[in-house]
Amino acid sequence: MTNGRVKVGIIGSQFQAGIHAASFQIVPHEAEVVAIASPTPGNAAALANRFRIPRVFTDYREMLRERDIEMVTIAAPNSLHAKMTRDIAAAGKHIVCEKPLAMTIAEGEAMIAAAKRNGVLLMYGEELLFTPKYLKAKEMADAGAFGKVYLIKQSEKHFGPHSAWFWDVNRSGGGALMDLGCHGIAFCYWFLGRSPIKSVYCQMSTHVHGEKTKAEDDSLCILEFANGAVGLVENSWARRGGMDDRIEVFGEAGCSYANLHMGNALSTYSENGYGYAVEKAPTTKGWTYPVFEELWNYGTPQELTHFAHCVRGKETPQATGEDGLVVLRAIYAGYASAGEGRKIALPYEPPPEVKNPIDLWLNGAARQQTAPH
Ligand SMILES: NC(=O)c1ccc[n+]([C@@H]2O[C@H](COP(=O)([O-])OP(=O)(O)OC[C@H]3O[C@@H](n4cnc5c(N)ncnc54)[C@H](O)[C@@H]3O)[C@@H](O)[C@H]2O)c1
């Protein structure tokens, strides 16, 4: 087994790729980013320059030929995750795939199979499992602080994504549920010790971004777990005021509330404004809530360090391709539920021709009856 810092290549050069690069620099002793690949000329070079990454490629397949690279992170649009994962696995490198795992369940299964076949790890980029505040809630729950947990809520909301491809359902697979609900579903599943998901009930609608996308910009999702607990996952691309992420945990003996951003922020008033408050905040004037140590509070540096430890065989992956597939199956059931206007029991198999979870909502009988004309 190779020793020393794990050599990493990043695919993508924009939002999440920047977070990966910054996170590896926050915890520099376990891994080093040696290469970056992104197709738009100049973009990868700009990120490489910012983080002193030595090698730059416009075609990620060329980066995969670099023999010393051991782990590759995928920070590219959802529709590319499956092909990239298969290519990385075939090159014999470990994979960190950003959420959501893939566009279809068949793709997700093929990704897991490709990793197994090539003897590499497929790790799933779900940082909520590493978010310090949420980890504390889980530690308390596991220590019995709340007795038997019967309800967990997780919500993530903002005013919509930063890049055009998110709004195009053929590249993203869906709206707020696909983009943000994957966090909440993964969180509830993990918090409850991976109790199987028995059913999903979802309601969704498009309130403010109908001109821009066919996708839902608001969604409510209720999950029933085999152990009797319920998860409520709320997501929005319609919520103004910057990123909002929070959890609530209720058990027979207690409860806990955690507000990831505002709970950690400095309550601030400024006439003049200042540099940066929080992800997707539209202004820094007036009353604002600037966060500090944003990436650390999200958990991304801890997540990527953990994955580097897994590559060295020091730890076992806490978030895997299999977890991503459980989440994707629940997302499919969620879109089917909203489309059919009823609770969907799992396991649920979407019709094989469905290549895009949101089509189950867009073409569903319930949606056809209620969609505004
Ligand atoms: N874990 C999180 O909280 C989180 C946050 C944001 C995004 N994400 C996920 O990360 C992924 C990327 O999202 P983003 O926000 O960085 O998007 P983005 O639009 O900011 O960046 C996408 C990147 O992919 C690159 N790309 C496009 N086609 C490519 C190709 N063929 N080969 C290589 N690179 C290609 C683009 O050039 C760009 O650099 C998505 O799957 C998204 O869901 C996760």
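Quick look at the packing of aromatic side chains
Applying the stated criterion across every chain, the model contains nine aromatic pairs. Each residue in the set Tyr134, Phe187, Trp190 and Phe191 is aromatic and connected to the rest through ring pairs, giving one cluster. When the ring centre of Trp167 is taken as origin, the NZ or CZ atom of Lys212, which lies over that ring, is 4.1 Å away. A cation sits over an aromatic face here: Lys280 above Phe15, 4.6 Å from the ring centre.

Looking at the pairing of strand β11 (residues 244–251)
Extensive coverage of β11 is indicated by the burial of six of its eight residues. Note that strand β7 (residues 149–157) and β11 share eight bridges and pair antiparallel. Bridge pairing in β11 links Val149 to Gly251. Judged from the six bridges that link them, β11 and strand β12 (residues 254–259) form a sheet pairing that is antiparallel.

Comments concerning the site of the ligand
If you check the shell around the ligand, you find 25 residues, and the closest are Ser13, Asn78, Glu127, His162 and Ser163. Contacts to the ligand include Gln14, whose backbone N or O atom sits 3.3 Å from an oxygen atom. Here an oxygen atom of the ligand sits 3.1 Å away from a polar atom, N or O, in the side chain of Ser38. Bound to the protein, the ligand loses 87% of the 840 Å² it would expose on its own. Of all the secondary-structure elements, those providing two or more residues to the shell around the ligand are α1 (15–26), α4 (81–90) and α7 (164–167). Each residue belonging to the shell around the ligand can be placed in one class, and the counts come to 12 nonpolar, 10 polar and three charged.

Things to note about unusual backbone geometry
Note the cis peptide between Lys99 and Pro100, where omega equals -15°. Here the bond from Leu346 into Pro347 is cis, since omega is 0°, no more than 30 degrees from zero. Mapped onto the fold, Pro347 is located in the loop between β15 (344–345) and α13 (359–362). Even without being glycine, Arg194 reaches a positive phi, approximately 60°. Along the chain, Arg194 falls in the loop between α9 (176–191) and β8 (197–205).

With respect to a nonpolar patch on the surface
Taken together, Met262, Tyr269, Trp287 and Tyr289 make up a surface patch of nonpolar side chains, about 450 Å² in accessible area. Along the chain, the position of Tyr269 falls in strand β13 (residues 268–270). Of the residues examined, Tyr269 reaches a relative accessible area of 45% and is grouped as partly exposed.

A short note on helix α12 (residues 321–340)
Between its first and last C-alpha, α12 extends 28 Å over 20 residues, near the 28 Å set by a 1.5 Å rise per residue. Gly341 sits one or two positions beyond α12 and adopts a positive phi of about 70°.

Looking at the side chain of His209
Structurally, His209 is set in the loop between β8 and β9 (218–225). You can call His209 buried: its relative accessible area is 6%. Here the side chain of His209 touches Trp237 through a polar contact of 2.9 Å, landing on its backbone oxygen. Residues contacting His209, with those up to four places away along its chain left out, are Phe159, Trp167, Asp217 and Trp237.

Things to note about the confidence of the model for the protein
Any segment with low pLDDT has predicted coordinates that should not be analysed in fine detail. Scored by pLDDT, the protein comes out at a mean of 96, with 99% of its residues at no less than 70. Ranking the elements of the protein by mean pLDDT puts helix α14 (residues 365–370) last, at 75, and strand β4 (residues 71–74) first, at 99.

What about the pairing of strand β5 (residues 94–98)?
For β5, a buried count of five out of five residues is recorded, marking the element as mostly surrounded by other parts of the structure. What you see with β5 is no split at all: His94, Val96 and Glu98 on one side and Ile95 and Cys97 on the other are buried throughout. Here β4 pairs with β5 via four bridges, running parallel. By the bridge assignment, Thr73 is partnered in β5 with Val96. What joins β4 to β5 is α4, and the crossover it makes is right-handed. Sheet analysis places β5 next to strand β6 (residues 122–125), joined by four bridges and oriented parallel. Paired with Val96 across the two strands is Met123, which belongs to β6. As for the winding sense of the linkage, the β-α-β connection from β5 through helix α5 (residues 105–117) to β6 is right-handed.

As for the sheet that holds β6
Here six strands make up an open sheet; going across it, the order is β3-β2-β1-β4-β5-β6 and the pairing parallel. Two strands lie at the open edges of the sheet, namely β3 (55–57) and β6, each paired on one side alone. On average, each strand axis in the sheet is inclined to that of its neighbour by 25°, with strand direction left out of account. Inspection of the sheet shows strand β2 (residues 31–37) paired to β3 by three bridges, in the parallel sense. Opposite Ile36, over in β3, you have Val56 as the bridge partner. Most of the contacts of helix α2 (residues 43–51) go to β3, to which it runs at about 160°, and overall it touches β2 and β3.

About the thresholds
- Residues numbered from 1 in each chain as written.
- Predicted model: local features only at pLDDT ≥ 70, side-chain atom pairs only at ≥ 80, totals over all residues.
- Heavy atoms only, no water.
- Phe/Tyr/Trp six-rings, centres within 6.5 Å; stacked < 30°, edge-to-face > 60°.
- Lys NZ or Arg CZ within 6 Å of the ring centre and 35° of its normal.
- Buried < 20%, exposed > 50% of the residue type's maximum accessible area, 1.4 Å probe, protein only.
- Helix = DSSP H or I, 4+ residues; strand = E, 2+ residues; numbered from the N terminus.
- Pairing = 2+ DSSP bridges.
- Near = heavy atom within 4 Å.
- Polar contact = N/O pair within 3.5 Å; in protein donor to acceptor, adjacent residues only side chain to side chain.
- Areas by Shrake-Rupley, 256 points an atom, 1.4 Å probe, with all protein chains shown as cover.
- Nonpolar A, V, L, I, M, F, W, Y, C, P; charged D, E, K, R; others polar.
- Patch = residues over 30% accessible without salt bridge, like charges linked within 9 Å, V, L, I, M, F, W, Y side chains within 5 Å.
- Salt bridge = Lys/Arg side-chain N within 4 Å of Asp/Glu carboxyl O.
- Expected span 1.5 Å × (residues − 1).
- Contact = heavy atoms within 4.5 Å.
- pLDDT = per-residue confidence, 0-100.
- Right-handed = clockwise from strand over helix to strand, strands pointing away.
- Axes fitted to C-alpha atoms, helices over the stretch in contact; angles between N-to-C directions.

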